[in-house]
Amino acid sequence: MNMAFVSQAACTLPCGHRLQSGRALMHSATIRPARQSCVRVSMSAATATASRLDAIEQAPADPILGVSEAYKADNSPDKLNLGVGAYRTEDLKPYVLDVVKKAEKRMIEAEENKEYLPIDGLADFKKATLQLLLGSGHAAIKENRIACVQSLSGTGSLRVGADFIAKFLKGTKVYLSNPTWGNHKNIFTDAGVEWKWYRYFDPETVGLDFEGMCSDLEAAPEGSIIVLHGCAHNPTGIDPTQEQWGKIADICKSKNLLPFFDVAYQGFASGSLDDDAFAPRFFVDQGLEVMVSQSYSKNLGLYGERVGALSFVLSDDGAAKRVLSQLKRIARAIYSNPPVHGARIVAEVVGNEDMFTEWKQEMEGMAGRIKTVRQVLRDNLEKINPDKDWSFITSQIGMFSFTGLTPPQVENMTNKHHVYMTKDGRISLAGLNKAKSEYLAKAIDDSVRNC
């Protein structure tokens, strides 16, 4: 008799009685079949087959979001999360804009419903988005030469665009800046779109490799698609000058390249919506057709609402109409229709003159805080290590600074100083405050000197 099974405290029998002990089982012949049933069930569980998905490999942690997971597991009081691009107050707390709260209050008072939006999104949201992109009253808007769909922030907009490229521009190569936002590669790869690098960052000068960039764009096959960061390049914080944008536009014209602008930081980089929209507006005014992805995660702080748009600014309204029809088909298969709450917030804020003015003031405040932190960090670094040129800290713009730290130096930052950042050396200055700037400067200096 197998006592390992007999001694179990509670095995339910077919008759509804419960077996209380091995002794009771041995003295009752009438319940032996039930005991055998229990044994068979246990053996069956022990010999269960492996999952049909057992061979699936563990995916690596996301290079950006994985940083936050590691940060949360760290108990050090000195820890700093400079990985994810999300704005924090001077107290390092998440920030909900006052104008967003006012918009939500108006929406509640209006008793807005939660019905499905059309596939291409909320009409008032799209109107507001195109006004921010090109300026109110732009000819392309008046002439209906824009195909615009509301999508799931910047990532979703880029993915819809990538799927469009895969389906209707088959074989067209996409060129990404080296380096670029980490998710760009995932988006185009998963959509089945081949991509290549163009030079962008010069590690010697910690600045823009403009000659290398132009050379690579000129060497790209005619008709290629060039992903350009509209402002506040991620991860470097280095943008072309207006004169350099002119040269890039000339190359796009001569090579029939299709610019695909990723506009994730409009108004958040310089504090001015108009200044940050210079590049896409300039290209359109030069007669170029462009694709544009827009996001409201940063400039309105709507990170979790997933609010954005994809637009094709084209040369005639007929093409725009046809492209819109295909964008809607693509969106329908991916997520059916976009979320309504964040779109209404954008429409409320942009559509109300007083709220729009207040929003611009809040953006200036956020951008101004980051500029202040940049200067304080540079001052601390120059005080600690005056022999090194730290001017790149303040010459870069936007949310990020590309420090030039090597992977071993980044490891030292995290393992020794509890500073969490992406492995490419990017830090989010939106997650830093003046009080922690000296600590960060000392960590950077230690890593540069000793690793």
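Note that the structure is predicted; figures quoted are calculated from it, not measured. (Residues numbered from 1 in each chain as written. Predicted model: local features only at pLDDT ≥ 70, side-chain atom pairs only at ≥ 80, totals over all residues. Heavy atoms only, no water.)

A. The overall build of the chain, seen in detail. The helix and strand tally for the chain stands at 19 helices and 15 strands. Put simply, the chain has 451 residues, and 51% of those count as buried. Sequence-distant contacts, at least 24 apart, represent 73% of the contacts inside the chain between residues at least 6 apart. Accessible surface for the chain amounts to roughly 22,000 Å². Of this, 49% is attributable to carbon and sulfur atoms. (Helix = DSSP H or I, 4+ residues; strand = E, 2+ residues; numbered from the N terminus. Buried < 20%, exposed > 50% of the residue type's maximum accessible area, 1.4 Å probe, protein only. Contact = heavy atoms within 4.5 Å. Areas by Shrake-Rupley, 256 points an atom, 1.4 Å probe, with all protein chains shown as cover.)

B. Representation of the sheet that holds strand β10 (residues 258-263). With mixed pairing, the seven strands of this open sheet are ordered in space as β4-β12-β11-β10-β9-β5-β6. Edge positions in the sheet fall to β4 (146-151) and β6 (195-199), since each of these pairs with one other strand and no more. Ignoring strand direction, the axes of neighbouring strands in this sheet form an average angle of 25°. Inspection of the sheet shows β4 paired to strand β12 (residues 308-313) by six bridges, in the antiparallel sense. The residue bridging Ser151 from the neighbouring strand is Gly308, located in β12. Along the sheet, helix α8 (residues 153-168) makes contact with β4, β5 (174-178), β9 (225-229), β10, β11 (290-295) and β12, crossing β11 at roughly 155°. (Pairing = 2+ DSSP bridges. Axes fitted to C-alpha atoms, helices over the stretch in contact; angles between N-to-C directions.)

C. Structural detail: the pattern of salt bridges. Taken as a whole and judged by the stated rule, the model has 15 salt bridges. Ionic pairing is found between Glu143 and Arg145, a salt bridge with its closest N-O pair at 2.6 Å. (Salt bridge = Lys/Arg side-chain N within 4 Å of Asp/Glu carboxyl O.)

D. Molecular detail of the layout of surface pockets. For the largest pocket, the calculated volume is near 620 Å³. Lining the largest pocket are 31 residues, with Gly85, Thr155, Trp181, Lys298 and Arg306 positioned closest to its centre. Elements that contribute at least two residues to the lining of the largest pocket include exactly α8, α9 (182-190) and β10. Considered class by class, the residues forming the lining of the largest pocket number 13 nonpolar, twelve polar and six charged. The computed volume of the second largest pocket comes to approximately 540 Å³. Considering the residues around the second largest pocket, the lining is formed by 27 residues, among which Pro63, Met421, Thr422, Lys423 and Asp424 are closest to the centre. Breaking the lining of the second largest pocket down by element, the ones donating at least two residues are α4 (65-73), α9 and α18 (407-415). The dominant element in the lining of the second largest pocket, judged by the number of residues it contributes, is α18, at five residues. (1 Å grid on protein atoms, 1.4 Å probe; cavity = no way out; pocket = protein on both sides within 12 Å on 5 of 7 lines; lining within 4 Å. Points joined across faces, edges and corners; volume = space filled by probe spheres on them. Nonpolar A, V, L, I, M, F, W, Y, C, P; charged D, E, K, R; others polar.)

E. The packing of helix α15 (residues 341-351) against helix α16 (residues 353-384), seen in detail. For the pair α15 and α16, interaxial distance at closest approach is 5 Å and the crossing angle is 100°. Looking at the two axes, α15 sits roughly perpendicular to α16. Side by side, α15 and α16 meet where Glu348, Val349, Val350 and Gly351 of the first sit next to Glu353, Met355, Phe356 and Trp359 of the second. Looking at the contact of α15 with α16 residue by residue, the classes come out as five nonpolar, one polar and two charged. (Parallel < 35°, antiparallel > 145°, perpendicular 65-115°, else oblique.)

F. Local environment of the packing of aromatic side chains. In the structure shown here, the tally under the stated rule is 17 aromatic pairs. The interplanar angle of 80° and the centroid separation of 5.9 Å between the aromatic rings of Tyr71 and Tyr420 together place this pair among those described as edge-to-face. Here Tyr420 lies in strand β14 (residues 419-420) and Tyr71 lies in helix α4, a separation of 349 residues in the sequence. The interplanar angle of 85° and the centroid separation of 5.9 Å between the aromatic rings of Trp245 and Phe283 together place this pair among those described as edge-to-face. One end of the pair, Trp245, is in helix α11 (residues 242-255); the other, Phe283, is in helix α13 (residues 278-285), and 38 residues separate them in sequence. For Phe283, a relative accessible area of 0% gives the class buried. Ring pairing ties together the aromatic residues Trp245, Phe261, Phe278, Phe282 and Phe283, which thus form one cluster. The aromatic ring of Trp390 is capped on one face by Lys388, whose charged end is 5.3 Å from the ring centroid. (Phe/Tyr/Trp six-rings, centres within 6.5 Å; stacked < 30°, edge-to-face > 60°. Lys NZ or Arg CZ within 6 Å of the ring centre and 35° of its normal.)

G. Region of the structure containing the nonpolar core. The biggest cluster of nonpolar side chains holds 94 residues, and the ones touching the most others in it are Phe283, Trp359 and Leu440. Residue contributions to this core peak at eight residues, all from α16. Among all residues touching Leu440, those that are not within four sequence positions of it are Leu80, Leu82, Leu377, Met413, Val419, Ile427 and Leu432. Counting 31 residues, the second largest nonpolar core, distinct from the first, contains Ala147, Phe164, Val174 and Phe312. (Core = buried A, V, L, I, M, F, W, Y, C linked by side-chain atoms within 4.5 Å.)

H. Quick peek at unusual backbone geometry. That bond from Asn178 to Pro179 is cis: its omega, 10°, falls within 30 degrees of zero. Mapped onto the secondary structure, Pro179 falls in the loop between β5 and α9. At the junction of Asn234 and Pro235, the peptide bond is cis and its omega measures out at 20° in the coordinates. Relative to the helices and strands, Pro235 resides in the loop between β9 and α11. At Arg306, a position not held by glycine, the phi torsion is positive, near 55°. By secondary structure assignment, the location of Arg306 is in the loop between β11 and β12.

I. Spatial organisation of the environment of Ala343. As for its position among the elements, Ala343 is in helix α15. Exposure remark for Ala343: the relative accessible area of 0% places this residue in the buried category. Taking C-alpha positions, Ala343 is 6.3 Å from Val307, a pair spaced 36 residues apart along the chain. Excluding its chain neighbours within four sequence positions, the residues that come into contact with Ala343 are Leu122, Phe125, Gln150 and Val307.

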